[in-house]
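Geometric and topological summary
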Number of protein chains: 2
Amino acid sequence: MKATMIHGERDIRFEEVPDPTISAPTDAIVKVVASCICGSDLWSYRGEDPTHEPHTIGHECLGVVEEVGADVRDVAPGDFVVVPFDHCDGTCSACLNGAPCENVGITQSGQAEYAVVTHADGSLVKTDGTPDRDLWPSLLTLSDVMATGWHAAVAAGVRRGGTAVVVGDGAVGLCGVLAAAQMGAETVVAMSRHEPRQEIARAFGATHVVAERGKEGVAAVKEILGGTGGDAVLECVGNGPAFEQAFRVARPGATVGFVGVPHGAEVPLRVMFSKNVGLAGGMAPVRRYLPELLDLVLARTIDPGRVFDLTLPLAEVADGYRAMDERTAIKVYLEP
Amino acid sequence: MKATMIHGERDIRFEEVPDPTISAPTDAIVKVVASCICGSDLWSYRGEDPTHEPHTIGHECLGVVEEVGADVRDVAPGDFVVVPFDHCDGTCSACLNGAPCENVGITQSGQAEYAVVTHADGSLVKTDGTPDRDLWPSLLTLSDVMATGWHAAVAAGVRRGGTAVVVGDGAVGLCGVLAAAQMGAETVVAMSRHEPRQEIARAFGATHVVAERGKEGVAAVKEILGGTGGDAVLECVGNGPAFEQAFRVARPGATVGFVGVPHGAEVPLRVMFSKNVGLAGGMAPVRRYLPELLDLVLARTIDPGRVFDLTLPLAEVADGYRAMDERTAIKVYLEP
């Protein structure tokens, strides 16, 4: 099959690789009908996570089941499925506690013609028939980015009538805004400096946008929130400055929900101690949220697919990485 | 008045100091009827927090109101009161969110004849008349240690029917065991190597005691809990090894409730990310829990005063510090 490979820093190629095979009886192979590029793919692309040898890349996809292992019961060839990037057995202590599976497998070739899903029964969520084509972008976001933004809001403890501050205006941050608004936060402050992203944030339910960062950003947030920080803070980046910003805009007693893969982030333990600001979240247990989010998308209550502002043929995936790296695109949708 | 002073490392003296005075109209002066030594006082005693110039020490006490400032309305001279170590105005954004007051004052001379309480109305909780003398030790624990153990359990999200693991067998850890049991945790594992402390832990509701530490400790906890970690973990020490232990005995998706002043502790952010283990807590907002805990003590439902295993006259406070430093006493009760 043809798949996206990373060979090194800023070296993405769409090329022939061996066809995937069923290697465990719980596996399924999914024919990819839509995929996308994740902000976390950029860590490898930029060389911050070094690539020691070429490998397939991409963990978000939507597809149709092509083949299943002997033990797979709940999905069958022909089913249209949302593929959570982190697969689950659905039975371990972590899964039962709403955390990422202890026996986790991750989609390894989402940006390809086919992807293997381990623990297919515990992972895949099928739809009734093939959903309307215009819903595919939103359905694709459930594979990771929307579920991850939702997890940030859940972890931060967003509550009806409360206030929420979202740090990060990437696709995850924007989905975090949508999640916080959907959960009923009365005030949702999006911290964003980029006009097109601010616009999506507002469309997703941000009641306020703060373009400033650092001390000025903290002051602007506090002015909006009556002199204090947010009841819930969604940290949707993962780096040092974002963590620092998140803790600074947290009200005493608040929780920072973090979902960005930590890179150079430090936890201000003394501040957490004195202000009683908690930290929760981590890698999103996507499967946990899929049924609820799927309903919201199919009912057209939420439209997270708006985060895609560039669509490319899969064969031009390298251009997609470039666009996201240069921030000329928020998130790139890839079609076979 | 006579007060406990710290002059430097392991240099505690009970000596004459100026009488305290009302310096703000919201202050009250409390005549101390019982006080005690906190594990956190040992950071200064051991020189880990250096003493640059001599000062009074001690922040836990029980007493009778002696004098109040002009604006104090809710307490009056003669009232028997529990003094939360961290005072609250009861009106700031932090207090309203259940976190330690933003304008926090701390009792500065608890181990003395008199203590000043700032924001007396927001802080002090009075009893109906003078409680039975045998209840005083338990009432005194509400000033800090029991409320702090309770905060660890609340922050860790202890729930009825769930499992809890308590790291640390100091007085706070033992109170954490009591709190977790009182909140209905079905399994409460106390990690303790010391026989007398294990005994109190069992009396407080620990269903299991694990004496091992490190990897062996983790294995022992997991064996008790059916192969996984605790739904809630109470970190009641604050140092590096205790933090590490706490995260290792946490079930994926659990929360570590921490209440010990952090000293050399590191937060394993990558573990938090992959296992979705949260961290919450910090300095206990004692006043928030006082009404509930006071009822439990007065009804003789809980008996946290059992943590005191040595009673000394206040004048012999230096011996009390020595006993706690050498771990020959768990917690020392001081009488005028």
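Computed from a predicted structure; not experimentally measured.

Residues with a pLDDT of 70 or more make up 100% of chain A, whose mean pLDDT is 97. Interface confidence for the predicted complex, given as ipTM, is 0.96, next to a pTM of 0.96.

Residue and element names in this part refer to chain A. Partitioning chain A into structural domains gives domain 1 (2-144 + 285-335) and domain 2 (149-281). On a C-alpha basis, the centres of domain 1 and domain 2 stand 26 Å from each other. Taken residue by residue, the interface counts 19 residues in domain 1 and 17 residues in domain 2. Surface buried jointly by domain 1 and domain 2 totals about 1,700 Å² across both partners, of which 69% is contributed by carbon and sulfur atoms. For the pair domain 1 and domain 2, the number of links is one salt bridge.

Time to look at the nonpolar core. The biggest cluster of nonpolar side chains holds 166 residues, and the ones touching the most others in it are A:L279 and B:L279. Not counting residues up to four positions away in its chain, the partners in contact with B:L279 are A:L269, A:M272, A:G278, A:L279, B:F243, B:F247, B:T255, B:V256, B:F258, B:V267 and B:M272.

Glancing now at the relation of the copies chain B and chain A. With an RMSD of 0.0 Å, the fit of chain B onto chain A corresponds to turning through 180 degrees and sliding 0.0 Å along the axis. Taken together, the rotation and translation relating the two chain copies correspond to the operation of a two-fold axis. Across chain B, the rotation axis passes nearest the C-alpha of B:L279, at a separation of 2.6 Å. Residue by residue, 100% of the interface of chain B is reproduced at the interface of chain A, so both copies engage with the same surface.

On to the interface of chain B and chain A. Taken together, the contact between chain B and chain A spans 37 residues of the former and 37 residues of the latter. Interface area for chain B against chain A, summed over the two sides, is near 2,800 Å², with a carbon-plus-sulfur share of 59%. When the buried area of chain B at its contact with chain A is split by residue, B:L269, B:F273 and B:N276 rank highest and sum to 25% of it. Here chain B and chain A share zero salt bridges between them. Broken down by secondary-structure element, the contributors of at least two residues to the side of chain B that touches chain A are α2 (93-96), β13 (250-258), α10 (269-275) and β14 (278-281) of chain B. Top contributing element to the side of chain B that touches chain A by residue count: α10(B), with six residues. The class makeup of the residues in the side of chain B that touches chain A is 20 nonpolar, twelve polar and five charged.

All names here are of chain A. Of all five residues that make up strand β10 (residues 187-191), five are buried, and the element is covered over most of its length. Burial along β10 is two-sided: T187, V189 and M191 facing one way and V188 and A190 facing the other are all buried. Pairing of strand β9 (residues 163-167) with β10, which is carried by five bridges, proceeds in the parallel orientation. Paired with A164 across the two strands is V188, which belongs to β10. Regarding topology, helix α6 (residues 171-182) serves as the crossover connection from β9 to the parallel β10, and that connection is right-handed. Examined bridge by bridge, β10 and strand β11 (residues 208-210) share three bridges and lie parallel to one another. Note on β11: the bridge partner recorded for V189 is H208.

Residues and elements named next belong to chain B. Summed over all chains, the structure comprises 30 salt bridges over all chains. Between E9 and R10 there is a salt bridge, and its shortest N-O distance comes to 3.5 Å. By relative accessible area, which is 54% here, E9 ends up exposed. Ionic pairing is found between R300 and D132, a salt bridge with its closest N-O pair at 3.3 Å.

Conventions adopted
Residues numbered from 1 in each chain as written. Chains lettered and ligands numbered in written order. Predicted model: local features only at pLDDT ≥ 70, side-chain atom pairs only at ≥ 80, totals over all residues. Heavy atoms only, no water. pLDDT = per-residue confidence, 0-100. Domains from an automatic or database assignment. Contact = heavy atoms within 4.5 Å. Buried area = accessible area lost by both parts, 1.4 Å probe. Salt bridge = Lys/Arg side-chain N within 4 Å of Asp/Glu carboxyl O. Core = buried A, V, L, I, M, F, W, Y, C linked by side-chain atoms within 4.5 Å. Buried < 20%, exposed > 50% of the residue type's maximum accessible area, 1.4 Å probe, protein only. Least-squares fit on C-alpha atoms with pLDDT ≥ 70 in both. Helix = DSSP H or I, 4+ residues; strand = E, 2+ residues; numbered from the N terminus. Nonpolar A, V, L, I, M, F, W, Y, C, P; charged D, E, K, R; others polar. Pairing = 2+ DSSP bridges. Right-handed = clockwise from strand over helix to strand, strands pointing away.

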